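Fold and geometry: a report
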Amino acid sequence: MNHPTWSNPPFPTPIDSPLSDGLAYLHAVEESEVFRGEVYRYTRLYYVCDETGESFTNTALENSNVEQVYGPYRKRYGLPAPAELAAFRARYELSAALLGKLLGFGANQWARYEAGEVPNRSCGLLLRLAVRDKNAWYSLLEAGETMFHAQPRLYAKLLAKAA
């Protein structure tokens, strides 16, 4: 999408444009995005090159734009945020693969949720129970006891922390 050169950009601090020898200024526009059948309004951030008029983003802006949709969705349905999942895993000193297996996910799924992928509502409910409800977490550990036959000390340590 090409934009005209902006004489008065909304954010005054430019960056070097990767599209030319000129500068690029940060811009913002209100947009809406449909995510899982629901409309979310957000402020899309992007740069505009002052020489070419072309717009572009970088990874940080893309992540910010996406999180403006994912965050409200997570909040609406009570889904744990990636940082909350990472803190939970760190508290119990478990690998993402083991946690995923314990909850009945694929080996890489917990890591994907920690990296920002948004779970569907049923998986999100299971994550919420595991992370925020000690009794549910304890029950999940008990149900997964057979996974720890080779590691009885780890299992005992997990149960003690969960109690």
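Residues numbered from 1 in each chain as written. Predicted model: local features only at pLDDT ≥ 70, side-chain atom pairs only at ≥ 80, totals over all residues. Heavy atoms only, no water.

With respect to the sheet that holds strand 3 (residues 38-49)
Ordered in space as 1-2-3-4, the four strands form an open sheet in which the pairing is antiparallel. With one partner strand each, in any of the chains shown, strand 1 (15-16) and strand 4 (55-56) form the two edges of the open sheet. Pairing geometry for strand 1 and strand 2 (residues 23-35), over two bridges, is antiparallel. Residue D16 lies in a different strand from strand 2, and its bridge partner there is L23. On the sheet, helix 1 (residues 59-77) packs against strand 2 and strand 3 and is oriented at approximately 165° with respect to strand 3. (Pairing = 2+ DSSP bridges. Helix = DSSP H or I, 4+ residues; strand = E, 2+ residues; numbered from the N terminus. Contact = heavy atoms within 4.5 Å. Axes fitted to C-alpha atoms, helices over the stretch in contact; angles between N-to-C directions.)

Thoughts on the environment of Y92
With respect to the helices, strands and loops of the structure, Y92 is situated in helix 2 (residues 82-92). For the pair formed by Y92 and E117, sequence separation is 25 residues and the distance between their alpha carbons is 22 Å.

A few points about the nonpolar core
Counting 24 residues, the largest nonpolar core has W110 and W137 as the members making the most contacts within it. Sorting the residues of this core by element identifies helix 2, helix 3 (96-102), helix 4 (109-114), helix 5 (121-132), helix 6 (134-143) and helix 7 (152-162) as the ones contributing at least two each. Discounting residues that sit within four places of it in the chain, W137 has contacts with F88, Y92, L94, L99, L102, L129, A130 and A162. With eight residues, the next largest nonpolar core counts Y40, V69, Y73 and Y77 among its residues. (Core = buried A, V, L, I, M, F, W, Y, C linked by side-chain atoms within 4.5 Å. Buried < 20%, exposed > 50% of the residue type's maximum accessible area, 1.4 Å probe, protein only.)

Purely geometric stuff here, so don't read any function into it on its own.
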